[in-house]
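Residues per chain are reported as follows:
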Amino acid sequence: MANQKKVSRTELNDPQAQREADTYENPVPSREFILEVIAEQGCPMSFKELMYTLDIDEEQTEGLSRRVNAMTRDGQLIRNRRGGYCPVNNKDMIVGRVIGHPDGFGFLKRDDANGDDLFLGPREMRRVWHGDHVVVQVSGIDRRGREEGQIIEVLERAFNKLVGRLQIDRGVAFLLPDNKRITQQVLIPPESLHGGKNGQMVEVAIDEHPTPWRQAIGSVIDVIGDQYAPGMETAVAIRSHDIPHDWPEELLEQIEGLSAEVPEKAKEGREDLRDVPLVTIDGADARDFDDAVFCAKTTKGWRLLVAIADVSAYVEKDSPLDKEAYLRSTSVYFPDRVVPMLPEVLSNGLCSINPKVDRLCMVCEMYFDPQGKMFRSRFFEGVMNSHARLTYDQVGAMLIDNDQALKEEFAHVLPHLEDLHGLYKVLHAARAVRGAIDFDTTETRFKFDENGKVAEVVPLVRHDAHRLIEECMLAANVAAARFLLKNKIPALYRVHERPSEEKLSDLGQFLRELGLSLKGGLEPTAKDYAELLEQVKTRADYHVIQTVLLRSMMQAVYTDENVGHFGLAFEAYAHFTSPIRRYPDLMVHRAIRHVLRNGSAKGFAYTDKDLAHMGEHCSLCERRADDASRDSADALKCYFMLDKVGESFQGTISGVNSFGLFVELDEIFITGLIHITALDRDYFIFDPIGHRLTGERSGKVYRLGDRIRVRVAAVNMEDRKIDFVLDDGNSEAPVKKKVEMIHGVPADQLRIDRPPRSQPGSKKPSKNPWGSRAESDEKKTSKKKASKGKKRKGRPGKKERAAAKTKKGTH
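Note that the coordinates shown come from a computational prediction; the quantities given were computed from them, not determined experimentally. (Residues numbered from 1 in each chain as written. Predicted model: local features only at pLDDT ≥ 70, side-chain atom pairs only at ≥ 80, totals over all residues. Heavy atoms only, no water.)

## Some words on the nonpolar core
Then comes step 1: Ile 281, Met 366 and Phe 576 are the most contacted members of the largest nonpolar core, which totals 95 residues.
Then comes step 2: Here this core takes 12 residues from helix H13 (residues 464-486), the largest share from any one element. (Core = buried A, V, L, I, M, F, W, Y, C linked by side-chain atoms within 4.5 Å. Buried < 20%, exposed > 50% of the residue type's maximum accessible area, 1.4 Å probe, protein only. Helix = DSSP H or I, 4+ residues; strand = E, 2+ residues; numbered from the N terminus.)

Here's what the structure looks like:
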């Protein structure tokens, strides 16, 4: 440290010193100044050297340590092997997240989104997991013209635990991760098996992460169970996506004294709505009820009350409940269970608007004119008592089917339901005038038998009762966003941006081929989309056009900046109506309560910076929940199709890619893949703009939305994939349909497109126990039969190679 120049705090010229002093009680040098100091030294600096140079006292040591660690995590600093810190040069080094591919290579998604993703070869991917935060240096250009990266440093690991199938081969145990984007296997020493058996699903702690020279090493921390036990697909999805599902001890201590009834003292100072006939309208199998509605006709239109369970009254800032709710950010809905954001004593108790019990609520009162325009709204804290628990089907039967028996049963609330239906009609008409996009998509749900296995896959039928509640919730969310903007308080908004220019350009080219166009050019409005959908509604290719329009959309996110909601055609939109299951709604409630009690935004406990970070976290958790639910549903669909191998189905091409066609089956709405090698004997050219595959020799075209008949060829339980082949009405099923036992295992408990590894009939394992997966003799034989007598395709000529350039890489 002899060469380090010590400078007193008064001599330091930190440009952000005032900002840091305003934000922290014991401020430390800003990130900008730390980078400037290290850059001036011209060489890496250890933590001790930083402390000396910045004149950090003992009380500031921990604060500086946290800041330096955060800067390293965020890719502003890099720490060398000697413990020295140096700034990341953005010109030479790029920070981003690793995106793994099932085939062993990967990509780097840049943090700054400034440029294309970098290609990472299999050698580089050996040392990282999918999702790791890394620093990469551009090392060259690969043969496809892509920038290729070399990993310099791993800033943050995406996983410390992994879930998968335990494989024990010749005494060597390793984990095959359930996440197909992770191709590395984790070695497990014999002393770390902890009761895990071959073939079981387990959770493994990563004791040593992979390096370029050595694979990862781990230990079993939880034996989840047998691979094909009922409910295993959800248990695996929860752990594989790191969904928090156990309540911490301090939270359980906090809720220990809570009862099912609201204390009388908590009701004081609130508007009393217990005599107002508010009702809940939900699905027949709903367990938590977080919203209630009331509507009455007025001389100027309608008065609508939307009462939402007051979660913020029980979940205080920084309490164990709040910390866990933020960590989860959302309830996760699986086909067979729910992982709630809040414990059951709240989600199904104090914060659930059950009938005939008092509940605290946050109320949005709105007034609408005869055209459905909201001309006044206000928010207040209330206490209510639900007068009825209704289902969508009951409301539909009364309002649409005129069910007299139900009308008599609910005569005390029927007049208000009829008023609500009248308001819905004008709100729905106003929605069309506004230009909100209304895509006609089909959702499905699973029906289970007494053994917990899938018995049916049925579509969800929506009618006016569903849409009625949806319009009420949309109105309350809009009113909440307006309230937040009017009072200039930091908040989270639900934003949906206009489609990107690239997607709009591709969409325009697709529509021109059909003789159509989207108004607005590269700056369309939601109304332009809605008008085009209405224009093509009677066309035979309506669903094709709708699918392409839907895929051009951006993803909705949470952010502290309001930029409107493109799809719903709202200038401002926030989530207010579900604080039981969404943390952003809870934050909106806190902001509204602060204004109601204090008269302004002054003194609110959260800054714009806090909200920006929360928005990113909640958006990420929402995507994580969607991915986990999808994985569970995909596994259940595979189980359902196991006994249908060899059967023929009618379907629709729902996706076209360079490697084949995705087909959605009629009635059961399950999707599988016809691989391009299973199509007619031809050389197929993929057109990503036209969403089609075209046979160069035959001219045969397979296009998005085409009707097609397929036969179920195989069900791959490990990869959760279903394979189809074309059904010409004559060919036999590619695998036997009825197989009672395979290697001593019932067929309905085993993937049947190949035998399990290390079993009789499978290929001998490679010398490297973590090498490529074995391929069955049956599969090899089928490949030989498929190729026998088939004309070998030579190297494509100049014309073919030029056409093939339209093929698109995916990751």
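## Considerations on the side chain of Ser 352
Then comes step 1: Relative to the helices and strands, Ser 352 resides in the loop between helix H9 (344-350) and strand E19 (358-368).
Then comes step 2: Of the polar contacts made by the side chain of Ser 352, one reaches the backbone nitrogen of Phe 289; its length is 3.1 Å.
Then comes step 3: With sequence-adjacent residues up to four places away left out, Ser 352 is seen in contact with Arg 287, Asp 288, Phe 289, Leu 346, Ser 347, Arg 359 and Ile 580. (Polar contact = N/O pair within 3.5 Å; in protein donor to acceptor, adjacent residues only side chain to side chain. Contact = heavy atoms within 4.5 Å.)

## Some remarks on empty space enclosed by the protein
Then comes step 1: Tallied over the entire structure, the rule returns 3 cavities of 30 Å³ or more.
Then comes step 2: Space inside the largest cavity adds up to approximately 230 Å³.
Then comes step 3: Lining the largest cavity are 18 residues, and of these Asp 178, Met 201, Gln 227, Met 717 and Glu 718 sit closest to its centre.
Then comes step 4: Listing elements by their share of the lining of the largest cavity, those giving two or more residues are strand E8 (161-169), strand E9 (172-177), helix H6 (232-240) and helix H18 (608-641).
Then comes step 5: Looking at the lining of the largest cavity residue by residue, the class counts come to 9 nonpolar, 2 polar and 7 charged.
Then comes step 6: Considering only enclosed or pocket space, the second largest cavity measures out at about 50 Å³ in volume.
Then comes step 7: Together, Pro 277, Val 279, Val 293, Phe 294, Cys 295, His 416, Leu 417 and Leu 420 line the second largest cavity.
Then comes step 8: Of all elements in the fold, only strand E15 (291-298) and helix H12 (414-434) reach the threshold of two or more residues within the lining of the second largest cavity.
Then comes step 9: Tallied by class, the residues present in the lining of the second largest cavity amount to 7 nonpolar, 1 polar and no charged. (1 Å grid on protein atoms, 1.4 Å probe; cavity = no way out; pocket = protein on both sides within 12 Å on 5 of 7 lines; lining within 4 Å. Points joined across faces, edges and corners; volume = space filled by probe spheres on them. Nonpolar A, V, L, I, M, F, W, Y, C, P; charged D, E, K, R; others polar.)

## Details of the packing of helix H15 (residues 526-535) against helix H16 (residues 542-551)
Then comes step 1: Relative to each other, H15 and H16 sit at 165 degrees, their axes nearing to 10 Å. Here H15 lies roughly antiparallel to H16, going by the angle between them. In this structure, the crossing between H15 and H16 has a hand that is left-handed. Residues Tyr 529, Leu 532 and Leu 533 of H15 form the contact with H16, whose participating residues are Tyr 542, Gln 546 and Leu 549.
Then comes step 2: Among the residues making up the contact of H15 with H16, the classes are represented as 5 nonpolar, 1 polar and no charged. (Axes fitted to C-alpha atoms, helices over the stretch in contact; angles between N-to-C directions. Parallel < 35°, antiparallel > 145°, perpendicular 65-115°, else oblique. Left-handed = near helix turned anticlockwise from the far one by under 90°.)

## Some thoughts on the environment of Val 279
Then comes step 1: Here Val 279 shows up in strand E14 (residues 279-282).
Then comes step 2: Taking the C-alpha atoms as reference, Val 279 lies 6.1 Å from Arg 389; in sequence the two are 110 residues apart.
Then comes step 3: Once residues within four sequence positions are removed from consideration, Val 279 is found in contact with Asp 291, Ala 292, Val 293, Ser 386, Ala 388, Leu 390, Val 413 and Leu 417.

## A word on a negative patch on the surface
Then comes step 1: Together, Glu 249, Glu 250, Glu 253 and Glu 256 make up a region of like negative charge exposed at the surface.
Then comes step 2: Note on placement: Glu 256 falls in the loop between helix H7 (249-255) and strand E13 (271-272).
Then comes step 3: Residue Glu 256 is classed as exposed on the basis of its relative accessible area of 65%. (Patch = residues over 30% accessible without salt bridge, like charges linked within 9 Å, V, L, I, M, F, W, Y side chains within 5 Å. Areas by Shrake-Rupley, 256 points an atom, 1.4 Å probe, with all protein chains shown as cover. Salt bridge = Lys/Arg side-chain N within 4 Å of Asp/Glu carboxyl O. Lys, Arg positive; Asp, Glu negative; His and termini not counted. Charge placed at Lys NZ, Arg CZ, Asp CG, Glu CD.)

## Overview of unusual backbone geometry
Then comes step 1: Residue Ala 569 is not a glycine yet carries a positive backbone phi of 60 degrees.
Then comes step 2: Positionally, Ala 569 belongs in the loop between strand E25 (557-559) and helix H17 (583-598).
Then comes step 3: Relative accessible area serves as the criterion here: at 23%, Ala 569 is assigned to the partly exposed category.

## Side note on the pattern of salt bridges
Then comes step 1: Following the criterion strictly, the structure yields 42 salt bridges and no others.
Then comes step 2: The partner of Glu 470 in a salt bridge is Arg 462, and the shortest N-O contact between them spans 3.2 Å.
Then comes step 3: Relative accessible area serves as the criterion here: at 30%, Glu 470 is assigned to the partly exposed category.
Then comes step 4: In this structure, a network of salt bridges that share partners links the residues Glu 264, Lys 267, Asp 272, Arg 274 and Asp 358.

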